[in-house]
Amino acid sequence: MMEWNVDTNEKEMGMATAVSNNKLLEVTDLGVTFKTDEGLVRAVDGISFTAHKGKTLGIVGESGSGKSVTAQSIMRLLPNSAMIDEDSSIAFYRDSGPIEITSLDNRSQKMRELRGGDIAMIFQEPMSSFSPVYTIGNQIMEAILQHRNVSKQEAREIAIDMLDKVGIANPAVRVDQYPFELSGGMRQRAMIAVALSTRPSLLIADEPTTALDVTIQAQILELMRGLKDEFDMSIIFITHDLGVIAQVAQEIVVMYLGKAMERGTAKDVLGNPQHPYTVSLLGAIPKLGTLGGRLTPVGGDIPSPLQRPSGCPFHTRCKQKIEGVCDVDPPGITRVSDTHTVYCYLYE
Amino acid sequence: MIRFVIERFFGMFVTMFFVSIMVFIIMELPPGDYADRYAFRKFSGTGVTVTESDLDNIRAELGLDRPAYQRYFSWIGGILFRFDFGDAFAYETSVNNVLGQRLGLTLAILFSTLIITYLVAIPVGIYAAVHRHSAADYGLTIFSYLGLALPNFLLALILLYISVKYLGSSVGGLFSAEYQDAPWSIAKFVDLLKHLMVPAIVLAWSATAFQIQTVRATMSDEINKLSVTAARARGIPERRLLFKYPARLAINPVVSTMGFDVNRIFSELPIVALVLGLAELGELLIQSYLDLDMFVAGAILLLLTFIIVFMNFLSDIALSFLDPRIKLKG
Amino acid sequence: MSTINPVLDKETEEAQRYYSASQWQLVWWRFKKHRVALLGGLVLLFMFLSGLFAEFIGPYGGSTRNIEYLLGPPQIPRFWDENGFSLRPFVYGVTTERDPETLALIPITDTNVRNYIFFFIEGEPYKLLGIIESNIHLFGVQEGFVHLFGTDSLGQDLFSRVLIGTRTSLSIGVLGVLISFFLALFIGGVAGYAGGWLDYGIQRFTEIIRVIPIIPLYMGLAAAFPRDWSSTQVYFAMTLIIGLVGWPTLARRIRGQLLTLRNEDYVMAARLSGASPYRIISLHMLPAFMSYIVVDLVISFPYVILAETALSFIGLGLRPPSISWGVLLQDAQNIRAIEQAPWLFIPAAFVVVAVLAFTILGDGVRDAADPYSVH
């Protein structure tokens, strides 16, 4: 359906990882556990990654892989039943200095400044991300007034300007309309306008195109790519769709059951996949020009998070499982290259 | 929007037309007819023997010999065109005279009950939803159960008992003795407000319990909506966020069930009024049913239902202001 | 899976049992977890049984008068007093004295006389369940009398009367709910399945009924009972009007359920594959909404019981010599009565407990029957 359209920035990327002052967000050993009636659920199990300034980081995984929980941890939007591990670290590098997000109070002034100010977020369901009883303009201006020192009139002008920037026609009219008067694609554009209206340095997009149909999906991706450069921001793009990731991301984390199975630049992961899980995910995507070939789905189902498999979490579905090894102890992280790591016994 | 209001307005009259037929049927239900009761009232104990032909004369005089639909139309016509509800024979005057000031007192009780209900139920329901599974939340759940299980008239009896036994004064009635027949004055009004407190609390009891649960349920749903998370992700302070998004929507079901609340209050009013000795419509309704004074009963039933239907209309209008999806259509 | 984990194995077995269980088994398992609802159910069972065997459990007949103990306070069974301990419970004897001024008989408790309580003792003859003749009572005294809840102004034993009242009030509830249930099932079913103008008409009609305040409506219908009707006639008329007024709410729910189900994919699939309407309704639709109907039935009980109590309380429902909770509470209607004899208020406790138990039970059944609740 779509060609690999890997951004050509990966060379810079490789150098960027070496230079620490290019880091914007650094997640180290993030672990999140939910308390439920049935017991503890380990949703994220010690993952690490870095988002760099001006780049897009893609987090890819099936549902239940913990990718959304990771995003919510960064925004500190987790429900009360969730606990972040004591030794987890989420460092956000502001110009004025780094901030450790995990040590901030959920409701503190500082956290609220970060949330929506430095880091903005858009969600999967453009239909329900807006409250139905307030106008689009009201909800954009709310964010602007919260984070920027402007008057109401100025906020309104910024809102109209933002709606224009995200490609909504007649922004001066649309600003006074209610969400139900906008189509799904327009609402997602409006959501992006809300997110960018405060000029954040990081945008977290949690499956922003999943609920949209394919042509609109492509438009939104194009829009986000353009806006990223215009606003000089970074994006963490979360999706289950490797095809989408290939279009937008320079660096990729592949998640499975709360673990990062493989990490690297887009070229590393898509062009030279190492982990059997990544390989099988890529096998499940239709490719242009190979019409005759069959798609190979990833066999089996994701195990219940209540009964996490021992050892490597993927061993129950892995075709290259080593008996007595993979199902006993978790593997270590192996470096494939300077930018490329994999979590698998095959490479140890 | 205007079309919506007009539609609802006429819908109200269609409903009332059918209600008036139901009420007329109820008025016609008791055995014997108006003539029997009229004659019995007038001549019992006087030694006069009433013959069947005397009754026929009375029927002809009162127009009771006409078919039911004609009597219905003359009854409803009198109400609509002359605002005349007929005769209250037990009181030997017109129904209008009997209802008189009782209607105002009924409305006073109704509105003080509604005000107490909403002033308590909305904030408490919101609090319970925000602090789910807290001790206060569980306490409120128990209160809600009691709200249904303890009928209002029993609560009224208990309050009466407590007040007589421990406070040495009765909480019954709507006026203190010195104001009973006094002309309206500020002092009399204050006295009325004092007396309204007890019936209003008694009547608000179950309505409050019910509405707390409604508000709590809606609020709990709304808090978990993505739009709230989205607003939180914009960095909006928690308190402002709660009031602007979920709380704003948690009020909708309260507004939409306003007519239902009035219905519940009117349903419980007669018995509470009887226990507390309140001279308003509900108490009169029981009395007129017992006396088979059906014109009075019919008038009250019609009035109470009309108030409910009208409140339904008001709540529809209010809801359309609260919900832009209704406001912008039609 | 090559590793055989005993814990995992047990869990799969449990899961197996879970997936193969019938709908009602699932409901019952979930309900059992709901301790409070279970308690509510037990309380109701206890009430129904004591109502059913009222004559056996109560020491006296419902209208038997004890002129030596008019408006007498409850007698509390004791095991000991200053005269010593007794394994057999007893109540004090009562003598009467004439008030020198009013000449009324005043009961005076004599703490020196012990009337021992015996179990399975012979007493007034009665017909158990209306069939079995017997004169054995659960408990009673050989000398004097025992009135656990005291007596009313006629000297009738309140304890025995409350038990009989329990039977009357609960049975009116059951019959009333059943009548409205069958009416609702029929009318709601017709409306929901047929649709069209019939549905429209029934819908409008239920709306009219629902807008009139319900207790005044009941009162209007009850006022129409001829005054010379026997208490049995009034009893059945009461159940009938409660049933007649109660159906619209239920019918509305049944209709709504049917309309939703009609558009469900599996019902559509059954229709497309040529199943008969009878088969579709009985096999595919009924099981799906039976649980909702059961919940509605349980939830509507409290309203019915409260309606009966309220009507009888103001004298428009059952009338003496019938005995129901509402009739018993008539005696507690005026403030002077409760001030003098607060025990006349005891029937109110039964009303509250019954309504509370039904409400809690209803909540439990609803949670258990909801197929979408987390198990």
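Everything numeric here is computed off the predicted structure, so don't read it as measured data.

(A) Representation of the overall build of chain C in the model. Within chain C, the secondary structure is distributed over 13 helices and 4 strands. Radius of gyration (C-alpha) of chain C: 27 Å, far over the 21 Å computed for a compact globule of 375 residues. Its C-alpha atoms give chain C principal-axis dimensions of roughly 90 × 65 × 40 Å. Out of the 375 residues in chain C, the part that is buried amounts to 47%. In chain C, of all internal contacts separated by at least 6 residues, the share reaching a separation of at least 24 is 67%. For chain C, the accessible surface area stands at approximately 19200 Å², while carbon and sulfur atoms represent 64% of it. Looking at charge distribution, chain C has the averaged site of its 26 positive side-chain charges lying 10 Å from that of its 30 negative ones.

(B) Spatial organisation of the overall build of chain B. Each helix and strand in chain B was counted, giving 15 helices and 2 strands. Dimensions of chain B, computed from C-alpha atoms along their principal axes, come out at roughly 85 × 60 × 40 Å. Here chain B holds 330 residues, and 52% of them are scored as buried. When the accessible area of chain B is evaluated, it comes to approximately 14900 Å², of which 67% is carbon and sulfur surface. Charge-centre separation for chain B: the mean point of 26 positive side chains lies 16 Å from the mean point of 27 negative side chains.

(C) The confidence of the model for chain C, seen in detail. When pLDDT is averaged along chain C, the result is 77, and 90% of the positions lie at 70 or above. pLDDT under 50 marks residues 1-10 of chain C. Its contacts with residues more than four places away, or in other chains, come to 5 contacts.

(D) Fine view of the environment of A:Arg189. Tracing the backbone through its elements, the reader meets A:Arg189 in helix α7 (residues 184-196). For the pair A:Arg189 and A:Val254, spaced 65 residues apart in sequence, the C-alpha separation works out to 27 Å.

(E) Seen up close, the domain arrangement of chain C. All names here are of chain C. When its domains are assigned, chain C resolves into domain 1 (56-155) and domain 2 (162-368). On the side of domain 2, 11 residues touch domain 1, which itself brings 11 residues to the contact. Of the roughly 770 Å² buried between domain 1 and domain 2, counting both surfaces, carbon and sulfur atoms make up 80%. The largest contributions to the domain 1 side of the interface with domain 2 come from Gly62, Leu71 and Phe149, which together make up 57% of the buried area. For the interface between domain 1 and domain 2, the tally reads 0 salt bridges. Where domain 1 meets domain 2, there are 1 residue pair in polar contact (both at pLDDT 80 or more).

(F) Local environment of the packing of aromatic side chains. What the rule picks out here adds up to 26 aromatic pairs over all chains. Seen from their ring centres, B:Phe9 and B:Phe13 are 5.3 Å apart, and the 70 degrees between their planes marks the pair as edge-to-face. With a gap of 4 residues between them, B:Phe9 and B:Phe13 both fall in helix α1 (residues 2-28), about one helical turn apart. Classification of B:Phe13 by relative accessible area gives partly exposed; the value is 44%. Between C:Phe225 and C:Trp229, the ring centres sit 5.5 Å apart and the planes meet at 25 degrees, which makes this aromatic pair stacked. The class for C:Phe225 is buried, based on a relative accessible area of 6%.

(G) Structural context of the interface of chain B and chain C. Between chain B and chain C, the contact holds 39 residues from the first and 43 residues from the second. Run the count over chain B and chain C and you get 0 salt bridges. Those elements that place two or more of their residues in the side of chain B that touches chain C are α1, α6 (135-149), α7 (152-167), α12 (258-276), α13 (281-291) and α14 (294-322) of chain B. Residues belonging to the side of chain B that touches chain C are distributed by class as follows: 34 nonpolar, 5 polar and no charged.

(H) Quick look at the pairing of strand β5 (residues 89-94) of chain A. Residues and elements named next belong to chain A. Pairing of strand β1 (residues 23-36) with β5 involves 4 bridges; the strand directions are antiparallel. Counted as the bridge partner of Leu25 is Phe92 from β5. Relative to strand β6 (residues 97-100), β5 runs antiparallel, the two sharing 4 bridges. Its bridge partner being in β6, Arg94 is matched across the sheet by Gly97.

(I) Summary view of the interface of chain A and chain B. Listed per partner, the contact involves 28 residues of chain A and 22 residues of chain B. Summed over both sides, the interface of chain A with chain B buries roughly 2300 Å², with 65% coming from carbon and sulfur. Of all residues in chain A, A:Val133, A:Tyr134 and A:Glu142 bury the most surface against chain B, accounting for 26% of the area lost on that side. If you look at where chain A meets chain B, you find 2 salt bridges.

(J) A look at helix α11 (residues 276-283) of chain A. Counting buried residues along α11(A), 6 of its 8 residues qualify, which places the element largely inside the surrounding structure. Burial in α11(A) covers these residues: A:Pro276, A:Tyr277, A:Thr278, A:Ser280, A:Leu281 and A:Leu282.

(K) Looking closely at the state of the cysteines. Residues and elements named next belong to chain A. In this structure the tally under the stated criterion is 0 disulfides over all chains. This cysteine, Cys326, is not joined by any disulfide, and Cys312 carries the nearest cysteine sulfur, 6.0 Å off. Among the residues examined, Cys326 registers a relative accessible area of 8% and is labelled buried. With no disulfide of its own, Cys344 has Cys326 as its nearest cysteine by sulfur position, at a separation of 6.2 Å. Classification of Cys344 by relative accessible area gives buried; the value is 8%.

(L) Main features of unusual backbone geometry. In the segment running from C:Pro320 into C:Pro321, the intervening peptide bond is cis, with an omega of 10 degrees. Inspection of the secondary structure puts C:Pro321 in the loop between α10 (277-313) and α11 (325-330). Look at A:Arg199: it is not a glycine, yet its phi comes out positive at around 55 degrees. Inspection of the secondary structure puts A:Arg199 in the loop between α7 and β8 (202-206). With a relative accessible area of 49%, A:Arg199 lands in the partly exposed category.

(M) Geometry of the sheet that holds β8(A). All names here are of chain A. A sheet is described by the order of its strands in space; here 8 strands give the open sequence β7-β8-β9-β3-β10-β11-β13-β12, paired in mixed fashion. Of all the strands in the sheet, the pair left with one neighbour each is β7 (119-122) and β12 (333-337). Pairwise comparison of adjacent strand axes, ignoring direction, gives a mean angle of 20 degrees for this sheet. For strand β11 (residues 259-265) and strand β13 (residues 340-343), the ladder comprises 2 bridges, and the chain directions are antiparallel. Paired with Glu262 across the bridge in β13 is Val342. Packing of helix α3 (residues 109-118) onto the sheet brings it into contact with β7 and β8, and relative to β7 it is tilted by some 60 degrees.

Calculation criteria
- Residues numbered from 1 in each chain as written.
- Chains lettered and ligands numbered in written order.
- Predicted model: local features only at pLDDT ≥ 70, side-chain atom pairs only at ≥ 80, totals over all residues.
- Heavy atoms only, no water.
- Helix = DSSP H or I, 4+ residues; strand = E, 2+ residues; numbered from the N terminus.
- Rg over C-alpha atoms; globule rule 2.2 N^0.38 Å.
- Buried < 20%, exposed > 50% of the residue type's maximum accessible area, 1.4 Å probe, protein only.
- Contact = heavy atoms within 4.5 Å.
- Areas by Shrake-Rupley, 256 points an atom, 1.4 Å probe, with all protein chains shown as cover.
- Lys, Arg positive; Asp, Glu negative; His and termini not counted.
- Charge placed at Lys NZ, Arg CZ, Asp CG, Glu CD.
- pLDDT = per-residue confidence, 0-100.
- Domains from an automatic or database assignment.
- Buried area = accessible area lost by both parts, 1.4 Å probe.
- Salt bridge = Lys/Arg side-chain N within 4 Å of Asp/Glu carboxyl O.
- Polar contact = N/O pair within 3.5 Å; in protein donor to acceptor, adjacent residues only side chain to side chain.
- Phe/Tyr/Trp six-rings, centres within 6.5 Å; stacked < 30°, edge-to-face > 60°.
- Nonpolar A, V, L, I, M, F, W, Y, C, P; charged D, E, K, R; others polar.
- Pairing = 2+ DSSP bridges.
- Disulfide = S-S within 2.5 Å.
- Axes fitted to C-alpha atoms, helices over the stretch in contact; angles between N-to-C directions.

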